[in-house]
Amino acid sequence: GESVGLHLPTLSVQEGDNSIINCAYSNSASDYFIWYKQESGKGPQFIIDIRSNMDKRQGQRVTVLLNKTVKHLSLQIAATQPGDSAVYFCAGGNQAGTALIFGKGTTLSVSS
Amino acid sequence: EAGVAQSPRYKIIEKRQSVAFWCNPISGHATLYWYQQILGQGPKLLIQFQNNGVVDDSQLPKDRFSAERLKGVDSTLKIQPAKLEDSAVYLCASSLHLAGGLGGYNEQFFGPGTRLTVL
């Protein structure tokens, strides 16, 4: 069935390092993918999205890569800061308007 | 602009009791979603409204969960009776249009959630 999952439940990095968070998906029908950041006690916050016809998209300090051949996407955070510490989720959606399907999340811990 | 509002923020009840959550979406947002987020997992959709109509409630446990959005603005989610496994954070989100309905992604804005503990 449909699923969107992340490879690792936790990732610890030093401040200033680059972080890479990975996600594998099984539903080839997804038209777009979104990365969300969720801080403790808050709802998920949109970071960046990518359409399925793209393989790379850049934002401010973040880059999302999509590899449809192996059904994998990643979120790269440059110069990771303590404020980036949170749980990161990938989610898949389609233009038919059906619900987003979220993976389980990766907890990013940034130490100074 | 004001974000998605939810209340209460926390609720503790005993099993078999009833509970209700309230959500006020961003003004003008036609689509409203209720998600359940169990500890350590990603959010899972319970129900999706377009204005006051239900778009998707396929994952809503209808024997105990109900939701309404009578005037197409705010919404309530009810659990009656609650079970231990209902302990979770209940997130409300809204988007301007139905996700992807205009040929692209319509960002969903999430509220802070209601943390429910069933004892």
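Everything here concerns the structure above.
Residues numbered from 1 in each chain as written. Chains lettered and ligands numbered in written order. Predicted model: local features only at pLDDT ≥ 70, side-chain atom pairs only at ≥ 80, totals over all residues. Heavy atoms only, no water.

Participant: Sorry, what's going on with the overall build of chain B here?
Facilitator: Each helix and strand in chain B was counted, giving 0 helices and 11 strands. For chain B, the sequential pattern of α-helices and β-strands runs β-β-β-β-β-β-β-β-β-β-β. For chain B, buried positions account for 46% of its 119 residues. Considering only residue pairs separated by 6 or more positions, chain B has 56% of its internal contacts joining residues 24 or more positions apart. (Helix = DSSP H or I, 4+ residues; strand = E, 2+ residues; numbered from the N terminus. Buried < 20%, exposed > 50% of the residue type's maximum accessible area, 1.4 Å probe, protein only. Contact = heavy atoms within 4.5 Å.)

Participant: Is there a simple way to think about the state of the cysteines in this case?
Facilitator: In a disulfide, the sulfur atoms of two cysteines are held together by a covalent bond. All names here are of chain A. Evaluation of the coordinates by the stated rule reveals 2 disulfides over all chains. Here Cys23 is linked by a disulfide to Cys90, with a sulfur-sulfur distance of 1.9 Å. On the sign convention where negative is left-handed, the bridge of Cys23 and Cys90, at about 55 degrees about the S-S bond, is right-handed. Here the residue Cys23 occupies a position in strand S3 (residues 19-25), and Cys90 occupies one in strand S9 (residues 86-93), the gap between them amounting to 67 residues. Residue classification places Cys90 among the buried residues on the basis of a relative accessible area of 0%. (Disulfide = S-S within 2.5 Å.)

Participant: Can you help me understand the sheet that holds strand S7 (residues 65-68) of chain B in this one?
Facilitator: By definition, the strands of a sheet pair up through backbone hydrogen bonds, in either a parallel or an antiparallel sense. Residue and element names in this part refer to chain B. Sheet architecture is open: 4 strands sit in the order S1-S3-S8-S7, paired in antiparallel fashion. For this open sheet the edge positions go to strand S1 (5-7) and S7, each flanked by a neighbour on one side alone. With direction set aside, neighbouring strand axes in the sheet form an average angle of 15 degrees. Of the pairings in the sheet, the one linking strand S3 (residues 19-24) to strand S8 (residues 75-79) comprises 5 bridges and is antiparallel in character. (Pairing = 2+ DSSP bridges. Axes fitted to C-alpha atoms, helices over the stretch in contact; angles between N-to-C directions.)

Participant: Hey, could you run me through the nonpolar core in this one?
Facilitator: Judged by nonpolar contacts, the single largest core of 21 residues is most densely connected at Phe21, Trp34, Leu77, Ile79, Tyr90 and Leu116 of chain B. Put simply, the parts of the chain that give this core at least two residues each are S3, strand S4 (31-37), strand S5 (44-50), S8, strand S9 (88-95) and strand S11 (114-118) of chain B. Listed in part, the 20 residues of the second largest apolar core include Phe33, Val62, Leu75 and Cys90 of chain A. (Core = buried A, V, L, I, M, F, W, Y, C linked by side-chain atoms within 4.5 Å.)

Participant: I would appreciate a short explanation of the pattern of salt bridges in the present structure.
Facilitator: Pairs may arise between side chains of opposite charge once their charged atoms sit close together. Scanning the entire structure with this criterion turns up 5 salt bridges over all chains. Across the pair Lys62 of chain B and Asp57 of chain B runs a salt bridge whose closest N-O atoms are separated by 3.8 Å. (Salt bridge = Lys/Arg side-chain N within 4 Å of Asp/Glu carboxyl O.)

Participant: Explain the environment of Pro82 of chain A here, please?
Facilitator: Residues and elements named next belong to chain A. By the element assignment, Pro82 lies in the loop between strand S8 (72-77) and S9. Taking the C-alpha atoms as reference points, Pro82 and Gln60, 22 residues apart in sequence, are found 16 Å from one another. For Pro82, the contacting residues outside a window of four places in its chain are Glu15, Val110 and Ser112.

Participant: Just checking my understanding: could you explain the side chain of Ser94 of chain B for this structure?
Facilitator: Residues and elements named next belong to chain B. Structurally, Ser94 can be placed in strand S9. A relative accessible area of 0% means that Ser94 is categorised as buried. Among the polar contacts made by the side chain of Ser94, one reaches the side chain of His29 at a distance of 2.8 Å. (Polar contact = N/O pair within 3.5 Å; in protein donor to acceptor, adjacent residues only side chain to side chain.)

Participant: What am I meant to see in the layout of surface pockets here?
Facilitator: Vacant regions in the atomic arrangement are exposed by a probe of water-molecule size rolled over the atoms. Quantified by volume, the largest pocket comes out at close to 510 Å³. Around the largest pocket, the lining comprises 29 residues; the ones closest to its centre are Gln38 of chain A together with Gln37, Leu39, Val89 and Arg115 of chain B. Every element with two or more residues in the lining of the largest pocket is listed here: S9 and strand S11 (106-111) of chain A together with S9 and S11 of chain B. Looking at the lining of the largest pocket, the element that brings in the most residues is S11 of chain B, giving 4 residues. (1 Å grid on protein atoms, 1.4 Å probe; cavity = no way out; pocket = protein on both sides within 12 Å on 5 of 7 lines; lining within 4 Å. Points joined across faces, edges and corners; volume = space filled by probe spheres on them.)

Participant: Teacher, can you tell me more about the pairing of strand S7 (residues 62-67) of chain A here?
Facilitator: Two faces belong to every sheet, and in a regular strand the side chains alternate between them. Residue and element names in this part refer to chain A. Where strand S6 (residues 56-58) and S7 come together, 3 bridges link them in antiparallel fashion. Bridging from a neighbouring strand, Arg57 pairs with Val64 of S7. Here S6 folds back onto S7, and the loop between the two strands holds 3 residues, one of which, Arg61, carries a positive phi near 65 degrees. Direction of pairing for S7 relative to S8: antiparallel, over a ladder of 6 bridges. By the bridge assignment, Leu66 is partnered in S8 with Leu73. As consecutive antiparallel partners, S7 and S8 are separated by 4 residues, and within that stretch Lys71 has a phi angle of approximately 55 degrees, a positive value.

Functional significance is not addressed by these values, which are geometric in nature.
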